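Single-letter residue listing:
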Amino acid sequence: MSLESHVIQALKTLYDPLTQQDIITGGVIQGLQVKDSGDVSFVLEINSQYMNEGIKLKERAEILLKKIPRVNNIQIVLTSQKKQSTPGFLKKAIPHIEHILVIGSGKGGVGKSTTAVNLACALQTQGLKVGILDGDVYGPSLPRLLGLKEKPTSDDGKIINPVNAYGLKCMSMGLMLSEKMPAIWRGPMVQSAIQQMLHQVKWGNLDVLLIDLPPGTGDVQLTLAQTLALTGAIIVSTPQDLALIDARKALEMFLKMDVPVLGLVENMSFFLCPHCDKRSEIFEHGGVHKEALSLNLPFLAEIPLHLSIRESSERGIPLVQASPNSEEASIYRILAKRTMATISKTNNPQYK
């Protein structure tokens with residue numbers, strides 16, 4: 001067992017006095033770092049109502065960590081906030097939405113958003129009512145990928161009407177800000193915007209709401225995992241090691257936040273020449289599949305790097321809509337079927 005795993009295992013025996021979840025799963029520990037030198041550091045974020053218990057919790061954590069071989073230096077910073085932590089069973093649902101799925105990646109540039117919009121269209125071909133929310137406030141891509149230019153409206157000045165594209169109900173900060181206007185916002189403003197787009201939008205009856213997350217493991221991901229009743233997460237990565245390292249971090253975050261990981265998708269899995277149909281493995285191949293097998297998680301699809309996917313995205317027409325009979329569109333439909341099949345299983349796969 002690695003030193004980091006040993007540390008995490010020890011800390012998971014301690015519980016948040018407010019939620020009664022272990023302090024890893026409950027998100028009480030922030031910024032955990034375990035170095036090969038034996039240095040361990042993290043922030044212990046305690047509700048200010050339980051500050052005395054927080055001090056005791058810090059002391060217990062130090063005692064536990066000192067018992068672990070190879071741990072040399074321990075630095076624990078105790079902070080307090082007046083907050084209402086949300087146990088898993090109190091996470092909010094959105095009325096009339098059956099499933100909420102998040103599409104994540106560890107890093108940008110892996111084609112996560114293109115995958116998300118085509119998955120949304122593919123789910124719709126199964127007769128499902130589908131919505132898609134652009135969770136990337138700083139770099140929204142949904143308007144461009146779906147060719148959206150109209151601004152959202154409101155009937156009462158409070159509840160926003162989503163914009164329709166190809167039968168999908170859509171919402172993005174990119175629909176409310178100019179494409180050239182940056183969102184120069186701090187974390188609390190971003191979290192507020194996400195909550196507004198979730199709970200103050202007239203989504204209506206949906207079978208599936210897809211949330212296209214920003215890259216990484218930041219404020220948006222934590223806010224959704226802690227406050228929203230998520231059906232599960234799908235992780236998108238390209239096959240090379242550099243992308244997989246970051247994808248693993250995203251996966252670990254969801255599991256620590258008690259969000260089921262429905263499976264992994266390998267995007268840009270291989271290149272198909274549009275002239276000779278010759279296959280070239282530009283970014284290596286099969287890395288995501290191997291990762292899924294090692295983690296005992298479903299491997300949902302391998303999507304090629306193909307000119308038609310890029311061209312349709314630039315035109316604002318998802319490939320599933322632009323070329324429904326193409327081989328690439330059929331891959332997205334298979335991804336949709338596997339996603340729903342994974343959801344329907346009563347024994348969701350567990351990460352080990």
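These notes cover the structure that comes with them. (Residues numbered from 1 in each chain as written. Predicted model: local features only at pLDDT ≥ 70, side-chain atom pairs only at ≥ 80, totals over all residues. Heavy atoms only, no water.)

## A closer look at the overall build of the chain
So the rule is basically this: Helix numbers and strand numbers start at the N terminus; a helix is a DSSP run of H or I with at least 4 residues, a strand a run of E with at least 2. Both definitions apply: the radius of gyration is a C-alpha atom measure, and the globule rule equals 2.2 Å times residues to the power 0.38. Only protein chains enter the area calculation, which uses a 1.4 Å probe; residues under 20% of their type maximum are buried, those over 50% are exposed, and those in between are partly exposed. We call two residues in contact whenever any of their non-hydrogen atoms come within 4.5 Å of each other. Accessible surface is estimated by sampling points in the Shrake-Rupley manner with a 1.4 Å probe; for residues, cover comes only from the protein chains shown.
Per the secondary structure count, the chain includes 11 helices and 14 strands. A compact globule built from 352 residues should have a C-alpha radius of gyration of about 20 Å, and the chain, at 21 Å, falls within 12% of that. Across its three principal directions, the C-alpha atoms of the chain cover 65 × 55 × 40 Å. Counting across all 352 residues of the chain, residues that qualify as buried make up 49%. The long-range share in the chain, meaning contacts at least 24 apart out of those at least 6 apart in sequence, stands at 73%. Accessible area of the chain: about 17,100 Å², with a carbon and sulfur share of 51%.

## Here's the deal with the nonpolar core
One recurring pattern in soluble globular proteins: nonpolar side chains tend to sit buried together. Put simply, the test is: By nonpolar core is meant a set of buried Ala, Val, Leu, Ile, Met, Phe, Trp, Tyr and Cys residues that side-chain atoms within 4.5 Å join together.
Ranked by size, the top nonpolar core spans 43 residues in total, and within it Leu198, Trp203, Leu209, Ile211, Leu224 and Phe254 carry the most contacts. Of all the elements in the fold, those that place two or more residues in this core are β4 (97–104), α5 (187–199), β10 (206–212), α6 (219–227), β11 (232–237), α7 (241–256), β12 (261–272) and α8 (287–295). Looking at which element gives the most residues to this core, the answer is α7, with six residues. Setting aside anything within four residues of it in sequence, one finds Leu209 in contact with Ile94, Ile97, His99, Ile100, Leu101, Gly131, Ile132, Leu133, Leu198 and Trp203.

## A word on the environment of Arg144
Of note, Arg144 is situated in helix α4 (residues 142–145). When the C-alpha atoms of Arg144 and Met189 are compared, they prove to be 23 Å apart, with 45 residues separating the residues in sequence. Every residue in contact with Arg144, bar those within four places of it in the chain, is listed here: Glu179, Ser313 and Gly316.

## Quick word on the side chain of Ser105
Inspection of the secondary structure assignment puts Ser105 in the loop between β4 and α3 (112–125). In contact with Ser105, other than residues within four places in its own chain, are Val110, Lys112, Pro215, Gly216, Val236 and Ala250.

## Some thoughts on the packing of α7 against α8
Worth spelling out the cut-off: Convention adopted: a line fitted to C-alpha atoms gives each axis, helices being fitted over their contacting stretch, and angles between N-to-C directions are expressed from 0 to 180 degrees. Crossing handedness is read from the near helix: turned anticlockwise from the far helix by less than a right angle, it gives a left-handed crossing, and turned clockwise, a right-handed one.
Put simply, α7 and α8 touch, their axes get as near as 11 Å, and they point 35° apart. In this structure, the crossing between α7 and α8 has a hand that is right-handed. Contacts between α7 and α8 involve Leu244, Arg248 and Leu251 from the first element and Gly287, Val288, Glu291 and Leu295 from the second.

## So, the environment of Gly111
Looking at where Gly111 falls in the secondary structure, it is placed in the loop between β4 and α3. When the C-alpha atoms of Gly111 and Ser237 are compared, they prove to be 8.0 Å apart, with 126 residues separating the residues in sequence. In this view, Gly111 contacts Asn267 and Met268; residues no more than four positions away in its chain are not counted.

## Some points on the pairing of strand β5 (residues 130–134)
What counts, and what does not: Any two strands are treated as partners once DSSP identifies two or more bridges connecting them.
Of all five residues that make up β5, five are buried, and the element is covered over most of its length. With burial as the criterion, each face of β5 is covered, one bearing Val130, Ile132 and Asp134 and the other bearing Gly131 and Leu133. Pairing of β5 with β10 involves five bridges; the strand directions are parallel. Paired with Val130 across the bridge in β10 is Val208. Taken together, the three bridges between β5 and strand β9 (residues 168–171) define a ladder with parallel strand orientation.

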